[in-house]
Amino acid sequence: MNRIIFYITIVVVVFCVQNLTAQTFDYQAEIKNLQERKVQIESSEREELQKDIIKIENRLAKNEITKDEAQKQKEEAALKRAQNIEDKTAIADSQISLLERNKNYASIEEYDGDNSGSRIKFGNIFEFNSNGYKNKDTVGTKERQNRRTYSYLVFAIGGANNLVTNGAVAHSDFKYTGSRSYEWGLAFNRKLGKNSNLLHLQYGLSLMYNDLKPTDNRFFVDNGKETNLETNTVHMKDSRFRNVNLVVPVHFELDFGKNRHQGFRLGMGGYAGVNVKTKQILKFDIDNYKRREVTKGDFNVNDFIYGLSTYFGYKSASLYLKYDLNPLFKNNAVDQNNISLGLRFDL
């Protein structure tokens, strides 16, 4: 079962990575939206023409202009609005034609820059919005910064990974320098304020690796319902207990930079997920022969994981701390919760 979950995880992560730069969409629904937009354009321009005429009539009533001037201004206003309808609907028609010709390559991306609406992208070749075509290479930094939602890869390494026992990590049964944690995954960051870069919502999908290295030549033994540390009668060169978890991290982020990831950042939140693999690795060096023993199983580890996490850093690098709220083992007499401190990089 764990192997199946692990393979599903790989497929999901690969799929997400392939969609880093854009979100696929229903092109038929987008075509329908563009057709409705054409109707709205015509209705909006007609309403604006009525306002123009009312203004002209008011000026005529105040004798600010003559009847001939009023008639001329009405004709100019009508011509202006007709041209607006023609130009704007032509843009919508061009977008519809592009979508119909490139159904298999088009993607749409939410955009919150100077121009309202969506930006349509065709692979890595060019983009199209209300300003017309843009080669992919010409999309500037300012436009990228104006996106409300963006994605990136996350990599973290915890130089200090251990178990909290009776509320403390002092006098731990595990090495402080050899026990580490790793995390890699895909994160999405949503700017919550339209005109402010301060508050963000970050969410994603990650694989977390937690490694524990017992002290004093000990290793974990499954004793039925409990999993305990025992001393090995044979000297071990290395003893390592590893858990791999698939989690969904969610953080509220305060970004103090003018643009995203350009200043100090503080994130607070948590994570929840499932255990996908547990294994123990023992290494021996006996009579000049090297031996490596790998044991896979559940070791009575909790199938589900959830906890709290926070990070604080500058630009793409942060110092992070995470703590599992549920114990590592299901039925041990003493609860032990995993805690990690390390560096995080948003790539």
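As the structure is a prediction and not an experimental result, all values here were calculated from the model.

The phi dihedral of Asp216 falls on the positive side, at around 60°, and the residue is not glycine. Mapped onto the secondary structure, Asp216 falls in the loop between β7 (199-212) and β8 (218-223). At Asn217, a position not held by glycine, the phi torsion is positive, near 60°. Turning to its location among the elements, Asn217 is positioned in the loop between β7 and β8. Assessed through its relative accessible area of 21%, Asn217 is described here as partly exposed.

Counting buried residues along strand β12 (residues 289-296), only zero of its eight residues qualify, which leaves the element largely exposed. Bridge count between strand β11 (residues 264-286) and β12: eight bridges; the pairing is antiparallel. Bridging across to β12, Leu282 finds its partner in Glu293. The antiparallel hairpin formed by β11 and β12 contains two residues in its connecting segment, where Asp287 sits at a positive phi of about 50°.

Take the pattern of salt bridges next. Inspection of every chain in the model, using the stated rule, returns 19 salt bridges. Across the salt bridge formed by Arg81 and Glu45, the nearest N and O atoms sit 3.1 Å from each other. Taken together, the residues span a long stretch of sequence, with Arg81 in helix α3 (residues 67-101) and Glu45 in helix α2 (residues 27-61) at a distance of 36 residues. Each member of the pair, Arg81 together with Glu45, is buried. Between Arg291 and Glu293 there is a salt bridge, and its shortest N-O distance comes to 3.2 Å. The exposure class assigned to Glu293 is partly exposed, which follows from its relative accessible area of 29%.

This part covers the side chain of Gln336. Residue position: Gln336 is located in strand β15 (residues 336-346). In contact with Gln336, other than residues within four places in its own chain, are Leu163, Val164, Thr165, Phe174, Pro327, Leu328 and Phe329.

Parameters at a glance
- Residues numbered from 1 in each chain as written.
- Predicted model: local features only at pLDDT ≥ 70, side-chain atom pairs only at ≥ 80, totals over all residues.
- Heavy atoms only, no water.
- Helix = DSSP H or I, 4+ residues; strand = E, 2+ residues; numbered from the N terminus.
- Buried < 20%, exposed > 50% of the residue type's maximum accessible area, 1.4 Å probe, protein only.
- Pairing = 2+ DSSP bridges.
- Salt bridge = Lys/Arg side-chain N within 4 Å of Asp/Glu carboxyl O.
- Contact = heavy atoms within 4.5 Å.

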